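# Observations on chain architecture
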Amino acid sequence: MSDGRGPVARRIWTSVRGVGFGLRLAWLGACAAGACAGLGCERRASLPASPGDGAAPAGAPAQPGAAPPPASRVERDGLTIAFSLRPLERDRRRGGTDRGAAAVAGARAAPAFADAVAELTITDAETGAPVSGLSPLGWMSRRAGEAEGAADPAAAGPTSVAGGAPDEEACRAKIKRFMAGLLSVRPEVDMNTYLLWTLNQDSTLSVINPQVALGRTKLRSLVSLAGPGVSLALHPDRGSLYVSLQGGRLAVVDTQRGLVRANVPVGEDPGRVAVAPDGRTVWVGNDGDGTVSVVDARSTDVLKTLRVGPGHHEIAFTGGGRAAWITSQQGDSVFVVDGATLEPLGEIAVGEGAVAIAASDASGVVYVANGARGEVVLLDAARRAVAGRVALKPGLGALQFEPRGRFAFALNPAANEVTVIDASTGAVAHALSGFAAPDAVAFTEAFAYVRNRGAAKVSLIDRAALRGPAAPPVVDVTVGQDAPAAAGAGPRTGPGALGAPIAPVPEGNGALIANPADRAFYFYVEGMMAPIGTLSSYGREPRSILIEDRSLREVRPGVYATTVRLGAEGLHDVELLLDRPRIAVCLEATVAPARCAQGGGYGGQPGCGGGAAPGITLEPLFEPGLRLEAGAPATLRFRATAKEAGSALDAKEMEIMIVRFPAGYRWSGAPRPEGDGVFSVAFTPPEPGEYRFLATAPHRGAPLGALPFVPLRVHARGAARAPEGGAR
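Residues numbered from 1 in each chain as written. Predicted model: local features only at pLDDT ≥ 70, side-chain atom pairs only at ≥ 80, totals over all residues. Heavy atoms only, no water.

## Observations regarding the sheet that holds strand β46 (residues 616–620)
Definition in use: Between any two strands, at least two bridges found by DSSP are needed for them to pair. Counting from the N terminus, the helices are the DSSP runs of H or I reaching at least four residues and the strands are the DSSP runs of E reaching at least two. Interaxial angles span 0 to 180 degrees and are taken between N-to-C directions of axes, which are lines fitted to C-alpha atoms, for helices over the stretch in contact.
What the four strands build is an open sheet, ordered β46-β48-β52-β51; its pairing is antiparallel. Edge positions in the open sheet fall to β46 and β51 (672–675), since each of these has one partner strand only. Taken over all neighbouring pairs, the strand axes of this sheet differ in orientation by 35° on average, direction set aside. Where strand β48 (residues 634–642) lies against strand β52 (residues 678–683), six bridges are found, and the strand directions are antiparallel. Within the sheet, the bridge partner assigned to R639 lies in β52 and is V678.

## Focus: the packing of aromatic side chains
Our working definition: Here the aromatic set is Phe, Tyr and Trp, taking the six-membered ring for Trp, and pairing holds for ring centres within 6.5 Å; pairs whose planes are under 30 degrees apart are stacked, those over 60 apart are edge-to-face, and all others are tilted. Exposed residues in this analysis have more than 50% of their type's maximum accessible area, buried residues have under 20%, and partly exposed residues fall in between, with area computed by a 1.4 Å probe over protein chains only. By definition, being over a ring means that NZ of Lys or CZ of Arg is both within 6 Å of the ring centre and within 35 degrees of the ring normal.
This model, assessed by the stated rule, comprises eight aromatic pairs. With 6.3 Å between their ring centres and 70° between their planes, Y449 and Y524 make a pair best called edge-to-face. A residue pair is termed long-range when its members are at least 10 positions apart, and Y449 in strand β34 (residues 447–452) and Y524 in strand β39 (residues 520–525) qualify at 75 residues. As far as burial versus exposure is concerned, Y449 and Y524 are alike and both buried. With 5.9 Å between their ring centres and 25° between their planes, F638 and F679 make a pair best called stacked. Separated by 41 residues along the polypeptide, F638 in strand β48 and F679 in strand β52 bring together distant segments of the chain. Owing to a relative accessible area of 0%, F638 belongs among the buried residues under this scheme. For F679, a relative accessible area of 4% translates into the label buried. Here the aromatic cluster, defined as three or more aromatic residues joined through ring pairs, consists of F622, F638, F679 and F693. Positioned above the aromatic ring of F709 is the side chain of R692, whose terminal nitrogen or guanidinium carbon lies 4.1 Å from the ring centre.

## Observations regarding the confidence of the model for the chain
For clarity, the threshold we go by: Each residue carries a pLDDT score, the predictor's confidence in it, ranging from 0 to 100. Pairs of residues are marked as contacts when any of their non-hydrogen atoms sit within 4.5 Å.
Summing up the model confidence of the chain, the mean pLDDT is 79 and the portion of residues at 70 or higher is 76%. Confidence over residues 597–612 falls short of pLDDT 50; this stretch has 28 contacts with residues more than four positions distant or in other chains.

## Quick word on the environment of G669
When you line up the elements, G669 lands in strand β50 (residues 666–669). With a relative accessible area of 9%, G669 lands in the buried category. Separated by 445 residues in sequence, G669 and S224 place their C-alpha atoms 9.4 Å apart. When near neighbours in sequence (up to four residues on either side) are disregarded, G669 contacts E655 and I656.

## Observations concerning the nonpolar core
What counts, and what does not: Nonpolar cores are built from buried Ala, Val, Leu, Ile, Met, Phe, Trp, Tyr and Cys residues. Side-chain atoms within 4.5 Å join them into one set.
Among the nonpolar cores identified, the biggest contains 28 residues, and I81, F83, L85, M140, M191 and L566 are the most heavily contacted of them. Contributions of two or more residues to this core are made by β4 (79–87), β7 (115–124), β43 (559–565), β44 (570–579) and β45 (582–591). The dominant element in this core, judged by the number of residues it contributes, is β45, at five residues. Within the second largest apolar cluster, 27 residues are counted, among which are F693, A697, L707 and V710.

## As for the environment of A356
When you line up the elements, A356 lands in strand β25 (residues 354–360). The class for A356 is buried, based on a relative accessible area of 7%. For the pair A356 and V368, spaced 12 residues apart in sequence, the C-alpha separation works out to 5.8 Å. When residues no more than four places from it in sequence are discounted, the contact partners of A356 are E314, Y367, V368, A369, G397, A398 and L399.

Right under this line is the structure:
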């Protein structure tokens with residue numbers, strides 16, 4: 001039985017409506033207990049991995065001499081299914097995290113409370129050929145009866161585990177409960193999640209889990225930024241989020257921890273931020289000083305500052321990032337830069353007034369929209385020359401190619417039109433009217449979604465009809481009560497808002513749409529006449545949104561992987577559900593003892609995370625029992641010293657974060673120097689609770705987690721003081 005939605009859409013359907021359990025699980029329930037031919041959940045022994053198992057994700061370097069972790073495997077319905085966990089290698093010297101990193105040399109199992117690569121390998125049992133194109137779901141749950149601190153279960157043998165593996169009926173029942181999204185039945189690890197990141201009007205990022213049941217969303221965390229955000233971009237490995245900030249900084253956010261890892265000084269009035277397709281560099285257009293800052297994505301060093309002309313800048317890439325194309329709104333040229341050497345490749349005169357740029361490797365072209373003149377300039381990417389011009393109406397704004405790279409959508413909010421240009425002919429294919437200030441477009445497999453800033457609606461354009469001579473059908477879907485234009489102006493530097501208010505869901509058959517005027521998100525599934533649910537933005541105005549997909553995805557033929565945060569040590573059941581053919585199997589995985597205690601340490605205790613010793617020492621100059629009150633300003637002083645002789649530590653090299661544990665308030669910023677190696681930060685805790693004081697200095701070998709945190713206790717304002725020497 002199928003409802004036409006994929007697994008991700010069905011999970012959101014449950015979260016926003018509180019129903020859908022039967023739709024998602026009918027095929028499981030149809031199997032009689034003990035007589036389900038398609039389900040096999042008997043325990044599988046951990047076997048040595050074959051040469052093809054346990055390989056690092058695509059692009060990861062080989063690790064000579066590294067023992068691959070044991071893989072658990074089973075053969076079912078002509079398939080060989082294997083699962084393994086591998087720890088992530090972290091580049092602590094440069095402060096980055098590499099989601100595609102190889103396993104730590106010599107490690108046989110990923111440690112508890114650490115990040116790991118969960119990898120599922122599916123091959124044809126007879127030929128060994130990889131099986132591609134699947135959408136597997138996966139969970140991990142700690143084996144029933146596993147005691148905390150137990151010895152390595154793998155060493156005890158496949159049958160001497162307390163509690164034993166779930167039988168077929170129990171395995172099937174666990175999958176049902178996990179898919180129902182019940183808060184009372186949660187897996188240790190969920191390999192099917194995705195998070196909604198929103199850039200708000202109040203210098204914050206919201207991280208929302210839209211998959212929580214009971215008809216409500218869950219604010220997972222709130223990330224405080226050092227200034228109003230302008231534009232954001234997600235790294236291809238999903239480990240870092242980059243946000244340009246008013247005030248001349250680029251915030252680098254660790255998506256796994258939900259914390260700002262670094263604030264990188266860039267140029268004046270930064271606007272558009274774009275990550276190169278190969279993930280090596282981040283490009284920031286500095287609209288106030290006519291430059292573009294190129295930042296190393298891993299180290300966060302500014303590699304080069306390019307002079308590209310005055311005004312707002314837009315950035316596009318061709319050749320998989322081999323060339324970057326940069327516009328200058330108040331200049332008359334497009335600058336082409338070598339993506340590897342960062343040296344100029346050429347300069348193409350297009351005329352003053354460029355407001356948008358879009359590139360298509362499939363068609364070998366780059367299009368530039370001149371807003372005031374109402375003209376799209378067609379550039380030949382190979383020759384780096386003007387190939388033609390398409391005259392439209394003045395007032396052009398956004399310009400974007402659909403995913404196949406043939407048709408470009410030029411939006412005109414002034415004329416309330418959308419023009420579709422066919423790159424194969426260089427001419428207008430369709431001129432569509434009836435919009436209300438269209439200012440943003442996003443794509444799924446079937447439709448182009450156009451946001452109307454002047455009306456509470458999104459317009460869906462049928463992509464399948466673009467190739468025909470007749471105008472494609474356009475369907476308007478109401479999203480909210482008020483037009484997005486009714487919201488505040490918000491930070492922007494270009495001709496229009498730099499945010500993306502529409503985020504297609506990973507399955508490609510729907511989208512989440514932000515309406516800042518309503519302070520809400522609307523979830524739409526294709527084929528419906530209206531959104532199927534409303535998600536709260538918790539009182540903030542979402543300006544830009546994107547989805548971080550943390551589900552299992554195919555990284556190589558037949559290999560599906562994702563990054564997970566592990567829980568406690570011990571033997572875990574791995575529950576897997578395949579979609580083609582529909583098979584439920586239960587394997588197992590071992591989580592090794594942690595390198596330190598859960599949560600790390602404080603004071604002189606070691607922190608959690610391993611790696612090389614940090615290059616600085618930090619000594620709090622306040623007592624751990626310091627009494628803080630909610631709403632009362634506080635100043636925290638500390639001494640920070642570089643271990644390298646003769647190298648004084650500058651305040652600009654550090655970032656201090658104060659977070660409410662386990663989630664909620666986030667404050668980050670640079671400390672104030674007070675001389676003689678002493679620094680201070682001032683903050684006002686908003687509410688009572690447990691807080692943590694963390695310091696980072698990435699360029700000194702002290703990224704987030706390398707230095708121990710200091711706990712803080714915040715009491716209610718005016719609450720009676722604890723007796724001297726008593727409990728905090």
